[in-house]
Amino acid sequence: MRISYQWLSDLVDLSGLGPDDVARTLTQLGLEVETTESVAPIDRRIVVAEVVQAVQHPNADTLRACQVRLQSGEVLPVVCGAPNVRAGLRIAFSPVGSVLPDGTVIKASKIRGEVSQGMICSERELGLSDEHQGILELPAATSVGQAVVDALGLSDTVLTLNVTPNRGDCLGILGVARELGAKLQRKLTPDVVGGRSLGLPIRDTSLVTGQKISVRVTTSLCSRFVALYCRGVPKGPSPLWMQRRLVAAGLRPINWVVDATNYVCIERGQPIHAYDLRRLGEPVLEAREARAGERLTTLDGVERELIAGEIVIANGRGVLGLAGVMGGQSSEIREDTDEIVIEAAAFDGGQVHRTARRLGLHTEASHRFERGVDPGALEGAVWRVGSLLQAGEGPGPGGGALATVQVAATLADTCGGDGKSLQPRRIAVRGDRAAEVLGLPARTVQDALVRLGDLGFGKVDQNGERWLLEVPTWRHDIVREIDVIEEIGRFVGYDKIPYQLPPWTGRGAGAGEQGAAADRVELRIESLKITMAHSGFAETVSFPFVGREQLEGLGLRPEGLLEVLNPLAATEPFLRASLVPSLLQQVAANRRRGSLGTRLFECGRVFSGVWGNQSGLHLTARARGERRPHERLHLGAVADAPWRAALWQGAEVAADFYQMKAVLGGLERAHAMAALSFVPPTQESGAELPPYLNPRRSAVIHAGSQGVPLGWVGELDPGVADRLDLDCEAVPVVFEIDIEAWTLASRSGSASRGEMSSHRVVCRFPTSTRDLAFVVARSTPHATFEAAIARYPKRKHLRHAQLFDVYQGPHVGPAEKSLGYRFVFQSADRTLQEAEVEAELGDLRGWIEGQTGARLRS
Amino acid sequence: MTGSLTETLEREFDKERAALLADAEALTVRAVQGLRQRYLGRKGRLQAMLESLRDLPKEARPAVGKALNQLRDRLESETATLAAAAKEAAIQRLRETAPLDVSLPVQAEGQGGSLHPVTLIRSELLRIFERLGFEVWDGPEVDFDFYNFGALNFPDNHPAREMQDTFFVAPEAGQERMLLRTHTSNVQVHGMLTHPLPIRAVAPGRVYRCDSDPTHTPMFHQIEGLVVDRGISFSHLKGVLDVLVKGIFGVEAKTRFRPSFFPFVEPGGEVDMACSMCRGQGCATCKGTGWLEIGGCGMVHPNVFEAVGIDSEIYTGFAFGFGLDRMAMLKYHVQDLRQMFEGHREFLASFPIWT
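A short tour of the structure in this document, coming up. (Residues numbered from 1 in each chain as written. Chains lettered and ligands numbered in written order. Predicted model: local features only at pLDDT ≥ 70, side-chain atom pairs only at ≥ 80, totals over all residues. Heavy atoms only, no water.)

1. Some words on the overall build of chain B
Counted only if it meets this: The helix count covers DSSP runs of H or I at least four residues long, the strand count covers runs of E at least two residues long, and both are numbered beginning at the N terminus. The globule rule is 2.2 Å times the number of residues to the power 0.38, and the radius of gyration it is compared with is taken over C-alpha atoms. Each residue gets one of three labels from its accessible area relative to the maximum for its type: buried under 20%, exposed over 50%, partly exposed in between, using a 1.4 Å probe on protein chains only. In this description, accessible areas are obtained by the Shrake-Rupley approach with a 1.4 Å probe, and a residue is regarded as covered only by the protein chains that are shown. For this count, His and the chain ends are skipped, Lys and Arg are scored as positive, and Asp and Glu as negative. Charged side chains are reduced to one point each, which is NZ for Lys, CZ for Arg, CG for Asp and CD for Glu.
Per the secondary structure count, chain B includes 11 helices and 10 strands. Compactness check: chain B gives a C-alpha radius of gyration of 39 Å against a globular reference of 20 Å for 355 residues, more than 25% above the reference. By its C-alpha atoms, chain B is 115 × 50 × 45 Å across when sized along the principal axes. Taking all 355 residues of chain B together, the buried fraction comes to 54%. Entry remark: accessible area of chain B is about 15700 Å², with carbon and sulfur atoms responsible for 53%. Separation between the mean location of the 39 positive side-chain charges and that of the 46 negative ones in chain B comes to 10 Å.

Shown next as structure tokens:
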């Protein structure tokens, strides 16, 4: 909402307060002033100057050659055609380079041989009026050098207010003035507040015509409907002062009648519509609900079909307007309009909202009706339009230039012409409750309750702490006690409320089951992120929206994804089911900037259209019982090649599957998570893996003894890497895991490392180490040996075994490999004898050979 | 026979020993260990000879055994001397080595890792809230209207809903429409429906609005706070938020509260912080006002309490919501919001892991 400071000061006494003071006060009241902008309708370079000489132009009868003195003392030659120019006169001087309101740039020129360095302006040239018989004569006391815009009092400041949706009453300058008046204890200008007693005697019975207009409301979606008949309305453009104010408010001037209705709308926040009576067909207006299929061409020239239940204004001739949204073209005000009907009504905000949304028509009117208008102010608003239409009405220079027009008027009102049948809401307020909720002293609250009268609240009754108040008809946002408490807080000022810390009566953080679980997840995620960062990954955040093209580039399909119905980009309507596509995109972007070896990770939710009861850790027990789409917290990471760039210490290290596996192992150990196992895809096609991975160099990840599937890790398919402008020879490595599933597995997994050992004894006796190398078929994985060693039934002193060598080459068969293991033996109560170690080693060797089909390497 | 074998062994040992003594480079602790292993070790040559005693006639054994023992004593003593010399040489070598170029660049394992500024500010905030006794709550990002709007006193067909441009999500066939949460306030509703009173909780997370321009992204981060108890007042809200802002921006940071409107709080307000760039003097960051808006807040609306079955006569509470992205930008001097979501390596690497 744009508010002219000058206009505002017409409605409330602002003496001694500048625009900045007003802005500060409004912001403190909750009417946030976003910007203050000075506006000058006349170029500030156009200044007051004095004519020191005016003589007949030597070569032209109608022109005068003048000398104009500026503040600096400089005297310039100016040729002027006005009959009233004379020495000693203070005038508006437009120097070379200045710009007139119509856009004309003043240039130095020679007029019939005489040099002219500027222009002496008429009222019309300054955009003040149509007067151009002579130049503007300024009072002799006007000081030379002052900007003309200031000398005429035309400079203004526009305040842009962010009016919250609950404050429809502040979508008019009067509402804002009321707030300021109450806060600053300033008086509102009586003529304006008085409703229909608006200066001009247009309610004088002698002006009331015999014309009858009839209004009718046949829907509950319109609480009041008022219409004023006027005859002899002015034609053509509205006065310049009115146009200037409309422009300041962000509106476009149209014609006298429309501008007057818009002017009152801005002034009072009440949308007003004017009909050309002759084009109405009959002097009847009815507010009713539309019947399905009815049609109307609105003022913007679009023919629209209506839906049953929408509010329309109609008469016997058909639908005339879309109530609260936009008028109809058929009864539009035109050049020749003389008799009009001015309508002000209170339509249902919800219905106006639905209609405006359906048609995509957000208008000044719909904006205000949606937020609620004052049904008690309708009559005053239409009379105000009538009074403006009376010629010469209005403040500011240029007023009074229009020929007098006699307006005759008749009012019709569904509320009996006085609005008395409107029932203001009554609310009981407890002073002590208000003090308690706000944290203010009782005395302060009492004083504030008294002062609510300045905001229009009526005191009906008081019984001790209990006050019964009548809510002003313009405050639709005040419906229960707490709303009045907010008013008290607002008027006392939030800055007067003390700072205090609340007493804590709870059982401590994590008292609730949900809180405890979430606390633990939060801490775990934070520390997982820290470990990822220590592994050289930079955390990134990306948007979750994906499109078909992006997915198909990775061999994925959008089927089964959750879909956004109103996406920001039509090409990205789906919610991601994986973090990898956006990570790859960001890595590729870094490569395009010449940056290799980027390592990124993201921890974020993924979604899919699999519906049912979900077990997500972010859900409460209640929410787990609802049918919801799949939503899980994932951790995804991408490491672009190389893993480490060549340095003086050594050559480049490639990024590969094992580097990434090591990162995952680091996470597992650092956070005592359920043990991970890495399983190759069981099918040659790698169907358990995403299609953008190379199935020969990737694995499915399981957690804990239950083998809970978590995700996968692997090298990007070289073809996909090539399509993404990544390196197809040194492909990036990626992993993605379900953090929630891993957390759950770590909590319940019986054989997981997540279960801290109940006692840990440090062994004081020395270890014995023995190495054995086994030769086995290349296709036999290390996991087979690992499993055999873990299951060794006669284990006595073996502490652990570690693979230290993998060999393929001329010393073993062509389809064979050698795996070297280091076995460590130790006893908890003595130093082991050589023979004991050798005996267990020999037996273990036989067991491993039997279990794996391997033979000892000679 | 044995005699010549011991002599051969001794001669070979002496030859190796001499070679080590002759070459300063070769005389290392490890080389001496190897020498000892070969001659005196568990599978060494001397051991083999001792084992071969068994093959000798009984009467020859004492003499040969004695000779072997003498030899062993000698070799032990020689290797010990050698080992001492090797150690001495090693110590000398390292002490006399040419000085390092300590300015050579090195890379730590995992260099280049960092945490996102939103994660950093989130951790800082959670540390403060933890000290104040708050729990951390979480909630779904795709949710039903009820949790995001309905229970939070947003009437249907009211412009208040348009304060937040909502992304709608296609529902399961025939079911209620879902949305991407527009604020973390949905977690308030989830929590109040299930958690025993009193409540002191915060809920950080991602939120979504159908909006994109230089200062708005379709996804951003918020942290929600909720306190419900008997006797909670607006002054408690001010107290907690002031502690929070001072905790993040330093003790000299100042807060200002002014009325505003959010349907789920009444009285409702906005919190401003004295501009951290100009200390409230007015600059480009605060658009000359000296104040920066950092979040919305207010007393929980009785309609919200009623929607979740809490008696609004007995209990009062406050709630607040801050934009984490904006706070991170202020705290870490990030100029452009969009950079936060582009994954630009240099940008990300400019942040640390801990603050």
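After that view, the rundown keeps rolling.
2. A few points about a nonpolar patch on the surface
So the rule is basically this: For patches, a residue must show more than 30% relative accessible area and have no salt bridge; joins then use 9 Å for like charges and 5 Å for nonpolar side chains, namely Val, Leu, Ile, Met, Phe, Trp and Tyr. The salt bridge definition used is simple: a Lys or Arg side-chain nitrogen within 4 Å of an Asp or Glu carboxyl oxygen.
A grouping of A:Trp648, B:Leu104 and B:Val106 is seen on the molecular surface, where their side chains present a nonpolar patch of about 300 Å² in accessible area. Of note, B:Leu104 is situated in the loop between helix H4 (61-95) and helix H5 (117-131). Under the relative-accessibility criterion, B:Leu104 is labelled partly exposed at 36%.

3. Comments concerning helix H13 (residues 442-451) of chain A
Residue and element names in this part refer to chain A. Which entries qualify depends on this criterion: Directions drawn from the helix axis to the C-beta atoms are what define this arc.
Looking only at H13, the buried set comprises Val445, Gln446, Ala448 and Leu449. For H13, the angular spread of the buried residues around the axis is 165°, confining them to a single face. Seen from the open side of H13, the exposed residues pointing more than 90 degrees away from its buried face are Arg443 and Val450.

4. Some words on the interface of chain B and chain A
Put simply, the test is: Residues count as neighbours in contact if any of their non-hydrogen atoms are within 4.5 Å of one another. What gets called buried area is simply the loss in accessible area from a 1.4 Å probe that two parts show on being joined, summed for both. For this analysis, a polar contact is any N or O atom pair within 3.5 Å, provided that within protein one partner can donate a hydrogen and the other can accept it, and provided that sequence-adjacent residues contribute only side-chain to side-chain pairs. Classification convention: Asp, Glu, Lys, Arg as charged; Ala, Val, Leu, Ile, Met, Phe, Trp, Tyr, Cys, Pro as nonpolar; all other residues, Gly among them, as polar.
Taken residue by residue, the interface counts 110 residues in chain B and 104 residues in chain A. The junction of chain B with chain A conceals about 9100 Å² of combined surface from both sides, 57% of it contributed by carbon and sulfur atoms. The three residues of chain B that bury the most area against chain A are B:Asn157, B:Pro259 and B:Arg345, which together make up 7% of that side's buried surface. Run the count over chain B and chain A and you get 10 salt bridges. In this structure, A:Arg480 and B:Glu306 form a salt bridge, with 3.0 Å as the shortest nitrogen-oxygen distance. In this structure, the connection of chain B to chain A is made through 43 residue pairs in polar contact (both at pLDDT 80 or more). Top contributing element to the side of chain B that touches chain A by residue count: helix H8 (residues 234-249) of chain B, with 8 residues. Of the residues contributing to the side of chain B that touches chain A, the split by class is 48 nonpolar, 35 polar and 27 charged.

5. A word on the environment of B:Ala328
Residues and elements named next belong to chain B. Its place among the elements puts Ala328 in helix H10 (residues 324-332). Distance from Ala328 to Pro196, taken between C-alpha atoms, is 33 Å for residues 132 residues apart in sequence. In this view, Ala328 contacts Pro117, Val118, Ile121, His333 and Met340; residues no more than four positions away in its chain are not counted.

6. Some remarks on the pairing of strand S18 (residues 318-322) of chain A
Residue and element names in this part refer to chain A. For clarity, the cut-off: Strands are treated as partners if at least two bridges between them are detected by DSSP.
Most of S18 is tucked away, with 4 of its 5 residues classed as buried. Strand direction decides the pairing type here: strand S17 (residues 311-315) and S18, joined by 4 bridges, are antiparallel. Paired with Ala314 across the bridge in S18 is Val319. Here S18 hands over to strand S19 (residues 326-327) after 3 residues, with Gly324 in that stretch at a positive phi of 80°.

7. Quick look at the environment of B:Gln335
Residue and element names in this part refer to chain B. Positionally, Gln335 belongs in the loop between H10 and helix H11 (345-349). For Gln335, a relative accessible area of 71% puts it in the exposed group. Residues Gln335 and Thr285, 50 residues apart in the sequence, show an inter-C-alpha distance of 9.4 Å.

8. Describing the layout of surface pockets
Summary: where empty space remains is shown by rolling a probe the size of a single water molecule over the atoms. Residues and elements named next belong to chain A. Here is the rule: The rule is simple: put a 1 Å grid over the protein atoms alone, call a set of points where a 1.4 Å probe fits but cannot get out a cavity, call an open set with protein on both sides within 12 Å along at least five of seven lines a pocket, and count a residue as lining if it has an atom within 4 Å of a point. Grid points are joined across faces, edges and corners, and a volume is the space filled by probe spheres set on the points.
By volume, the second largest pocket is sized at about 2300 Å³. In terms of lining residues, the second largest pocket is bounded by 48 residues, among which Lys661, Phe678, His782, Ala783 and Glu786 are the most central. Of all the elements in the fold, those that place two or more residues in the lining of the second largest pocket are helix H19 (657-670), strand S30 (676-679), strand S31 (693-703), helix H22 (782-791), strand S35 (798-807) and strand S36 (816-825). The dominant element in the lining of the second largest pocket, judged by the number of residues it contributes, is H19, at 7 residues. Among the residues making up the lining of the second largest pocket, the classes are represented as 22 nonpolar, 13 polar and 13 charged.

9. Section: empty space enclosed by the protein
What the rule picks out here adds up to 8 cavities of 30 Å³ or more. Roughly 390 Å³ of volume is contained in the largest cavity. Considering the residues around the largest cavity, the lining is formed by 27 residues, among which A:Cys603, A:Leu633, B:Arg122, B:Asp138 and B:Gly205 are closest to the centre. Counting residues per element, the ones that place at least two in the lining of the largest cavity are helix H15 (513-534) and strand S28 (599-613) of chain A together with H5 and strand S5 (199-208) of chain B. Here the element with the most residues in the lining of the largest cavity is H15(A); it accounts for 5 residues.

10. With respect to the sheet that holds strand S34 (residues 768-777) of chain A
Residue and element names in this part refer to chain A. The line we're drawing: Where helices are involved, their axes are fitted lines through C-alpha atoms of the stretch in contact, as for all axes, and angles between N-to-C directions lie from 0 to 180°.
Spatial strand order, S35-S36-S34-S37: 4 strands in an open sheet with antiparallel pairing. Strands at the two margins of the open sheet, each flanked by one partner only, are S35 and strand S37 (855-856). Those strands touched by H22 are S34, S35 and S36, and its axis lies near 30° from that of S36.

11. Thoughts on helix H9 (residues 349-359) of chain A
All names here are of chain A. In terms of burial, H9 is a largely internal element, 8 of the 11 residues being buried. Taken together, the buried positions of H9 are occupied by Gly349, Gly350, Gln351, Val352, His353, Thr355, Ala356 and Leu359. Its buried side turned inward, H9 meets strand S16 (303-305), S17, S18, strand S20 (339-347) and helix H10 (364-371). The distance from a side-chain oxygen at the start of H9 to the backbone nitrogen of Gly350 is 3.3 Å, and the residue carrying that oxygen is Asp348.

12. Quick notes on the sheet that holds strand S10 (residues 316-323) of chain B
Residue and element names in this part refer to chain B. If you trace the 7 strands from one edge of the open sheet to the other, you get S1-S5-S6-S10-S9-S8-S7, paired in mixed fashion. Two strands in the sheet have a free side with no partner beyond their single neighbour: strand S1 (135-136) and strand S7 (255-259). In the sheet, S7 pairs with strand S8 (residues 265-274) via 5 bridges, with the strands oriented antiparallel. In the strand pairing of S8, Phe257 is matched with Val271. Against the sheet, H5 touches S1, S5, strand S6 (219-229) and S10, its axis set at about 170° to S5.

13. Points about the pattern of salt bridges
Residues and elements named next belong to chain A. On inspection of all chains with the given rule, the structure shows 77 salt bridges over all chains. Between Arg44 and Asp150 there is a salt bridge, with the nearest N and O atoms lying 2.3 Å from each other. Of this pair, Arg44 sits in the loop between strand S2 (32-39) and strand S3 (47-56) while Asp150 sits in helix H3 (residues 148-151), placing them 106 residues apart in sequence. For Asp150, a relative accessible area of 28% puts it in the partly exposed group. Salt-bridge contacts for Arg443 lead to Asp447; the nearest nitrogen and oxygen are separated by 3.1 Å. With Arg443 and Asp447 both in helix H13, this residue pair falls 4 residues apart, about one helical turn. Owing to a relative accessible area of 39%, Asp447 belongs among the partly exposed residues under this scheme. Members of the salt-bridge network, linked through shared partners, are Arg167, Asp169, Glu179, Arg475, Asp477, Glu487 and Arg490.

14. Re unusual backbone geometry
Going from B:Leu197 to B:Pro198, the amide bond is cis rather than trans, its omega being -5°. Mapping B:Pro198 onto the fold places it in the loop between helix H7 (186-194) and S5. The amide bond that connects B:Glu266 to the next residue, B:Pro267, takes the cis arrangement and shows omega of -5°. You can see B:Pro267 is positioned in strand S8. For A:Ala672, which is not glycine, the phi dihedral falls at a positive 50°. Here A:Ala672 lies in the loop between H19 and S30. With a phi close to 55°, B:Arg279 is a non-glycine residue in the positive phi region.

15. As for the pairing of strand S32 (residues 708-716) of chain A
All names here are of chain A. Across the 9 residues that make up S32, a large majority, 7, are buried. Hairpin connection between S31 and S32: a loop of 4 residues separates the two successive antiparallel strands, and Gly704 in this loop has a positive phi of roughly 70°. Of the strand pairs in this sheet, S32 and strand S33 (residues 733-738) are connected by 5 bridges, and their pairing is antiparallel. In the sheet register, Gly714 faces S33, and the bridge partner there is Val734.

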